[in-house]
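The lines below spell out each chain.
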Amino acid sequence: MASTTTAADSAKSIPLPTFDGEAKNFQLWWTRFKPYAAVKRFSQAIQRTADPNLPDTEGAAIDTTTAAGRAQTVALERNMLAIASLTMAFQTEGLINLMLKAVSTDWPRGGA
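Okay, so let's go over this structure. (Residues numbered from 1 in each chain as written. Predicted model: local features only at pLDDT ≥ 70, side-chain atom pairs only at ≥ 80, totals over all residues. Heavy atoms only, no water.)

### Description of the pattern of salt bridges
- The final tally for this structure, using the stated rule, is two salt bridges.
- For the salt bridge of D51 with R78, the shortest nitrogen-to-oxygen distance reads 2.5 Å. Placement of D51 in the loop between α2 (23–39) and α3 (67–89) and of R78 in helix α3 is noted, with a sequence separation of 27 residues between them. The exposure classification of D51 matches that of R78, with both residues buried.
- E58 is paired through a salt bridge with R109; the nearest N and O atoms lie 2.5 Å apart. (Salt bridge = Lys/Arg side-chain N within 4 Å of Asp/Glu carboxyl O. Helix = DSSP H or I, 4+ residues; strand = E, 2+ residues; numbered from the N terminus. Buried < 20%, exposed > 50% of the residue type's maximum accessible area, 1.4 Å probe, protein only.)

Right, dumping it as structure tokens:
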């Protein structure tokens, strides 16, 4: 019997790597988290430099009838997925407090 599993189905089953806050475990977690982000299609949101398509604020008015507006919408979605994934990956109160530092008036849900 032929398998009907698609790449998208396989990507859904990849578990989120979690981080316990121990410095000695960070490199292993980050090495696993980066490919997770790539498979889930938000790796651009966790780069050292900001996504050039990300609007200045989370609540910016976006004209989705333009190519630039559609790119901004996709960048916002990547950012939200990154924030959600990081929040779920972090396993300690101290790490969650770090996430809260990413929250601002411009980014009430946080900027990855």
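Moving on from the coordinates now.
### A few points about the packing of aromatic side chains
- Inspection of every chain in the model, using the stated rule, returns 12 aromatic pairs.
- For the ring pair W30 and F33, a centre distance of 6.1 Å and an interplane angle of 25° mean the geometry is stacked. Here the residue W30 and the residue F33 both occupy positions in helix α2, the gap between them amounting to three residues, near one helical turn.
- Grouping aromatic residues by their ring pairs yields a cluster made of F19, F26, W29, W30, F33, Y36, F42 and F90. (Phe/Tyr/Trp six-rings, centres within 6.5 Å; stacked < 30°, edge-to-face > 60°.)

### Concerning the nonpolar core
- In terms of nonpolar packing, the biggest core is built from 15 residues, with W29, F33, F42, I46, L86 and F90 touching the most fellow members.
- Elements represented by at least two residues in this core include exactly α2, α3 and α4 (93–100).
- Among all residues touching I46, those that are not within four sequence positions of it are W30, F33, K34, A37 and A82. (Core = buried A, V, L, I, M, F, W, Y, C linked by side-chain atoms within 4.5 Å. Contact = heavy atoms within 4.5 Å.)

### Thoughts on the layout of surface pockets
- By volume, the largest pocket amounts to about 330 Å³.
- Together, 17 residues line the largest pocket, and F26, W30, I46, L86 and A112 are the ones closest to its centre.
- Looking at the lining of the largest pocket, the elements that each hand over two or more residues are α2, α3 and α4.
- Broken down by class, the residue content of the lining of the largest pocket amounts to 14 nonpolar, two polar and one charged. (1 Å grid on protein atoms, 1.4 Å probe; cavity = no way out; pocket = protein on both sides within 12 Å on 5 of 7 lines; lining within 4 Å. Points joined across faces, edges and corners; volume = space filled by probe spheres on them. Nonpolar A, V, L, I, M, F, W, Y, C, P; charged D, E, K, R; others polar.)

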